[in-house]
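Report on the structure
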Amino acid sequence: MTPRSLVIDTDPGIDDAIAILLALCSPELDLQAVHTVAGNCPLSEATPNAVSILELAGRTDIPVFAGCPRPLIRDQQYGKFHGRGGMGGDVLPPAVGRAAEGHAVVRLIERSLSARARDEKLSICAIGPLTNIAAALSLDPSIAQDWQELVIMGGGLRVAGNRTPYAEYNFLADPHAVRIVLNSGAEIVLMPLDLTHQAMATPARIETLRAAGGRLSDIVVRLLTYWDRGDIARFGEPGGPLHDPTTVAYLIAPELFTGQKMYVEVDCETPLRYGHLVADWYGQTDNPPNATVMTGLDAAGFFALLTERLSG
Ligand code: BDR
Ligand code: CA
């Protein structure tokens, strides 16, 4: 098996950290670079957080490239639930190293073109605001064809928004970037809140992870425990939804997911619905599908995968 070449574009972020660690612990994936974007926290925190996660995993050979410090057009909205520094206070040790030279947007274009020259394709997981991805696609729209798939965490369809009544955070943070990406022709796989709210890191699942042990266990358990949203009225059970790791899990075990192709677009105009993802569930418009939207998750299988990989 040749591992898939993967780039993760991220704003770490607690669930981002778990997604990166899952990729690092999975032989099916060859994580080639981590690109950072402003989102949950300012870029000046997101980038050292990414470096620190790679140091924790002993993978300082993987470069971190810093990307865009602000959204394309709208004013900046930071995340709410990740604590000081975007990583639950001091759960992560401070980074020792630094980001590599070069801008994430430029590096993404270069890596895409270099994959094309070798007749290969990249997999991309985009788990923060889509600013870097949209900027790269604006500079060179042809690179959409160099991606095997672009797996995005963002949006919510039948589930209410998590930052406004309608909008999910990543899409709210840069809706104009979402619009560019959705219109790019890339092979998009979308993990909306409808899917990620099934991936609840409950105390029982965290305990299973703790009991499985392993080198990363202590830090993963502390991150997940911090992530407990304490919002049973919303989620139906204790814990917090593990949004971002679903994108990486999809590349490893797509059989855990069910969904359908449909046309989706984002609202960049209406004040109350700003960042809202609208879906043509039943093909009622003439717009061809532009994303495979995942809505069903085998949650037990997902957490079994996480436990197996993160305890290895
Ligand atoms: C998304 O927003 C961030 O807080 C999480 O890391 C995830 O990417 C969920 O709405
Ligand atoms: Ca994120």
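All figures in this text were calculated on a predicted structure; none of them were measured in a lab.

**A short note on the pattern of salt bridges**
Tallied over the entire structure, the rule returns 13 salt bridges. Note that Glu 149 and Arg 4 form a salt bridge whose closest N and O atoms lie 2.8 Å from each other. Note that Glu 149 is positioned in strand 5 (residues 147-153) and Arg 4 in strand 1 (residues 4-10), a separation of 145 residues in sequence. With relative accessibility at 8%, the residue Glu 149 sits in the buried group. By relative accessible area, Arg 4 is classed as partly exposed at 30%.

**Description of the site of ligand 1**
The full set of residues close to ligand 1 is Asp 15, Asp 16, Asn 40, His 82, Ile 127, Met 153, Asn 162, Glu 168, Tyr 169, Asn 170, His 243 and Asp 244. Note that an oxygen atom of ligand 1 is positioned 2.8 Å from one of the side-chain N or O atoms of Asn 162. Between an oxygen atom of ligand 1 and a side-chain N or O atom of Asp 244, the distance comes to 2.7 Å. For ligand 1, whose unbound accessible area comes to 280 Å², protein coverage reaches 96%. For the shell around ligand 1, the secondary structure elements donating two or more residues are helix 1 (14-24) and helix 5 (169-173). Considered class by class, the residues forming the shell around ligand 1 number three nonpolar, five polar and four charged.

**Here we look at the sheet that holds strand 1**
Reading across the sheet, the nine strands line up as 3-2-1-4-5-6-11-9-10 and stay open at both edges, with mixed pairing between neighbours. Looking at the sheet topology across the chains shown, the edges are occupied by strand 3 (64-66) and strand 10 (277-280). In this sheet, adjacent strand axes meet at a mean angle of 30° when their direction is disregarded. Here strand 1 pairs with strand 4 (residues 122-126) via four bridges, running parallel. Across the sheet, Leu 6 pairs through a bridge with Ser 123, a residue of strand 4. Along the sheet face, helix 4 (residues 131-139) touches strand 1, strand 2 (29-36), strand 4 and strand 5 and points at about 145° away from the line of strand 5. Running at roughly 145° to strand 5, helix 11 (residues 245-252) makes contact with strand 1, strand 2, strand 4, strand 5, strand 6 (188-191), strand 9 (257-266) and strand 11 (291-297) of the sheet.

**As for the coordination of the calcium ion (ligand 2)**
Six octahedrally arranged donors around a metal ideally form angles of 90 or 180 degrees; four tetrahedrally arranged donors ideally form angles of 109.5 degrees. For the calcium ion (ligand 2), every protein donor is listed as Asp 11 (OD), Asp 16 (OD), Asp 16 (OD), Ile 127 (O) and Asp 244 (OD), and the spread of their distances is 2.2 to 2.7 Å. In the primary structure, the donors to the calcium ion (ligand 2) are separated according to the pattern D-x4-D-x110-I-x116-D. Across the pair, Asp 16 and Asp 11 agree in class, each one buried.

**Some thoughts on helix 6 (residues 175-182)**
Extensive coverage of helix 6 is indicated by the burial of six of its eight residues. Along helix 6, the residues that are buried comprise Pro 175, His 176, Ala 177, Val 178, Val 181 and Leu 182. Among the structural elements, helix 4, strand 5, helix 5, strand 6, strand 9 and strand 10 are those in contact with the buried residues of helix 6.

The rules behind each value
Counting starts from 1 at the beginning of each chain's written sequence and moves along it residue by residue. The order in which chains are written sets their letters, starting at A; the order in which ligands are written sets their numbers, starting at 1. This being a predicted model, a pLDDT of at least 70 is required before a residue's local features are given, and a value of 80 or more before pairs of side-chain atoms are given or counted; all residues contribute to the totals for chains, interfaces and linings. Side-chain descriptors were evaluated using all non-hydrogen atoms of the structure, hydrogens and water having been removed beforehand. Each salt bridge in this description consists of a side-chain nitrogen of Lys or Arg and a carboxyl oxygen of Asp or Glu lying within 4 Å of one another. Helix and strand assignments come from DSSP, with helices taken as H or I runs of at least 4 residues and strands as E runs of at least 2, each series counted from the N terminus. Here the term buried applies to any residue with accessible area under 20% of the maximum for its type, exposed to any over 50%, and partly exposed to those in between, with areas from a 1.4 Å probe on protein chains only. A molecule or strand has a residue near it when one of that residue's heavy atoms lies within 4 Å. Polar contact is defined as a pair of N or O atoms within 3.5 Å, subject to the rule that within protein one atom must be able to donate a hydrogen and the other to accept it, and that residues adjacent in sequence are counted only when both atoms are side-chain atoms. A 1.4 Å probe and the Shrake-Rupley method give the accessible areas. Residues count as covered only by the protein chains that appear here. Following the grouping adopted for this structure description, the nonpolar residues are Ala, Val, Leu, Ile, Met, Phe, Trp, Tyr, Cys and Pro, the charged ones are Asp, Glu, Lys and Arg, and the polar ones are all others, Gly among them. When DSSP finds two or more bridges between two strands, those strands count as paired. Here the axes come from fitting lines to C-alpha atoms, over the contacting stretch only for helices, and the angles between their N-to-C directions go from 0 to 180 degrees. Contact definition: two residues touch when any of their heavy atoms are within 4.5 Å. Metal donors: N, O and S atoms at distances within 2.8 Å, or within 3.2 Å for Na, K and Ca, with water omitted from the atom set so that some sites may seem incomplete.

These figures come from the coordinates and say nothing about function on their own.
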